[in-house]
Amino acid sequence: MASNYPTVQYGSYGDTVRQLQQALNQVGYSLDVDGSFGTKTRAAVIDYQKKNGLQVDGVAGSETMGSLLGRINRVSNGNSNSKQVLSGVSDETADALCRLEKGYAPSDEVTAAQSVVASMEALKPSDYQSAFESQLAALYDEINDRQPFTYDPTTDAAYQRYAAIYARQGKAAMENTVGKSTGLTGGYTSSFAQNAGQQAYYQYLQELSELVPELEKNAWDRYTQQGKALTDRYDRLNDQEAEAYDRWQDEMDEWRKALALAQDQYENVSKQDLDNYQTMLAHYTTKAAKEQAASDGVRMNNGKVNTTAAKTTTLSSTASESLERAMNNYLRAGDTVSAQNLAAQYKNRMTAVQKKSVESLFGQYGIGVGW
């Protein structure tokens, strides 16, 4: 039966390494139980792997730790296994010991907590996608590609309007002046009249030229206002982009916190479960030794060790609650299939109350459990 033991290797540190060092010491090694996976611990792991036909890589994971735990404190000079009948040991002790010596198997609480961690992936926010990127790029190009300010009156609509007005007024003034001069000379046009008319016309054109600086300033004001309008719009969009990214970042932070909490819970439950396994193994090993000593070699069992799993048990409330959290995560993410598969996996282990609770959970999303 496969172990669910966390993998540790050279450079690792913590309680898992301490458990490994304790287990190695119980099968004949002499390591400092300091929780630091150094050269001595690695050498001991490699030596154990070589002697027990395991993959020799110096890494302690499920295979290596499962093998170690199966050998710790074996009865009958360390040679007992699931195929042997332990003389002088009760059926209950023999059955329990043989099951334990097959190796550590995670409990429902561990697998349920692991399901919660796995379901968190479904709730991970998708990668950030900007809703403003194309608009910002277009505005940036528009701002960056603006030509430097220049002023050409012939292309200024305001100047053209004034030019037309002053041309009409100048022409009218010229005609009026020529008409008056002609009247004074008895109806004959003289050079004096023509010169007077031209002067009147040029006076209006002079007034038009005097307007050019003001028109140029007006054009400059329009140019700067248009530029400011572009940069203001860019800044507003950039602020919206920053706000949207901050919201996404907040969602990611909340998800990471929830994931870390689920992982911590899984690791705590897993460690406690492994500790319980080691405690039970030590308990039944000691009990078997005491029973053998008390029986003086007389068989106390029926000679048939039951190495199969114990009867199917219902889920604990802790495991059931964890499984519901995992199902809820999948349902929130829209992954109905994973939620239904998880429910189906544990259906036969659930009590009537637990099934009803699961059905109610699915009902909140308008979905059937599928059983």
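Residues numbered from 1 in each chain as written. Predicted model: local features only at pLDDT ≥ 70, side-chain atom pairs only at ≥ 80, totals over all residues. Heavy atoms only, no water.

**Details of the overall build of the protein**
Helix and strand content of the protein: eleven helices and zero strands. When the helices and strands of the protein are listed from N to C terminus, the series reads α-α-α-α-α-α-α-α-α-α-α. Counting every position in the protein, which comprises 371 residues, the buried fraction comes to 35%. Taking as baseline every contact in the protein between residues at least 6 positions apart, the subset at least 24 positions apart corresponds to 69%. For the protein, the computed accessible surface area is about 22000 Å², with 48% contributed by carbon and sulfur atoms. (Helix = DSSP H or I, 4+ residues; strand = E, 2+ residues; numbered from the N terminus. Buried < 20%, exposed > 50% of the residue type's maximum accessible area, 1.4 Å probe, protein only. Contact = heavy atoms within 4.5 Å. Areas by Shrake-Rupley, 256 points an atom, 1.4 Å probe, with all protein chains shown as cover.)

**Concerning empty space enclosed by the protein**
If you walk through the whole model with that rule in mind, you get one cavity of 30 Å³ or more. Taken as a whole, the largest cavity encloses approximately 30 Å³ of empty space. Contributing to the lining of the largest cavity are Ala113, Val116, Ala262, Gln265, Tyr266, Ser322 and Arg325. Put simply, the parts of the chain that give the lining of the largest cavity at least two residues each are α5 (108–120), α8 (191–295) and α9 (317–332). Looking at side-chain class alone, the lining of the largest cavity contains four nonpolar, two polar and one charged residues. (1 Å grid on protein atoms, 1.4 Å probe; cavity = no way out; pocket = protein on both sides within 12 Å on 5 of 7 lines; lining within 4 Å. Points joined across faces, edges and corners; volume = space filled by probe spheres on them. Nonpolar A, V, L, I, M, F, W, Y, C, P; charged D, E, K, R; others polar.)

**A word on the confidence of the model for the protein**
When the pLDDT values of the protein are averaged, the result is 85; 85% of them are 70 or greater. Taken together, the stretch residues 75–85 has pLDDT below 50 and engages in 23 contacts with residues farther than four places along the chain or on a different chain. (pLDDT = per-residue confidence, 0-100.)

**Some remarks on the packing of aromatic side chains**
For the coordinates displayed, the defined rule picks out six aromatic pairs. Aromatic side chains Phe149 and Trp220 sit 5.1 Å apart centroid to centroid with 75° between the ring planes, which places their arrangement in the edge-to-face category. Taken as a pair, Phe149 in the loop between α6 (133–144) and α7 (157–184) and Trp220 in helix α8 lie far apart in primary sequence, 71 residues in all. In this structure Phe149 comes out as partly exposed when scored by relative accessible area, which is 25%. Judged by its relative accessible area of 41%, Trp220 is partly exposed. (Phe/Tyr/Trp six-rings, centres within 6.5 Å; stacked < 30°, edge-to-face > 60°.)

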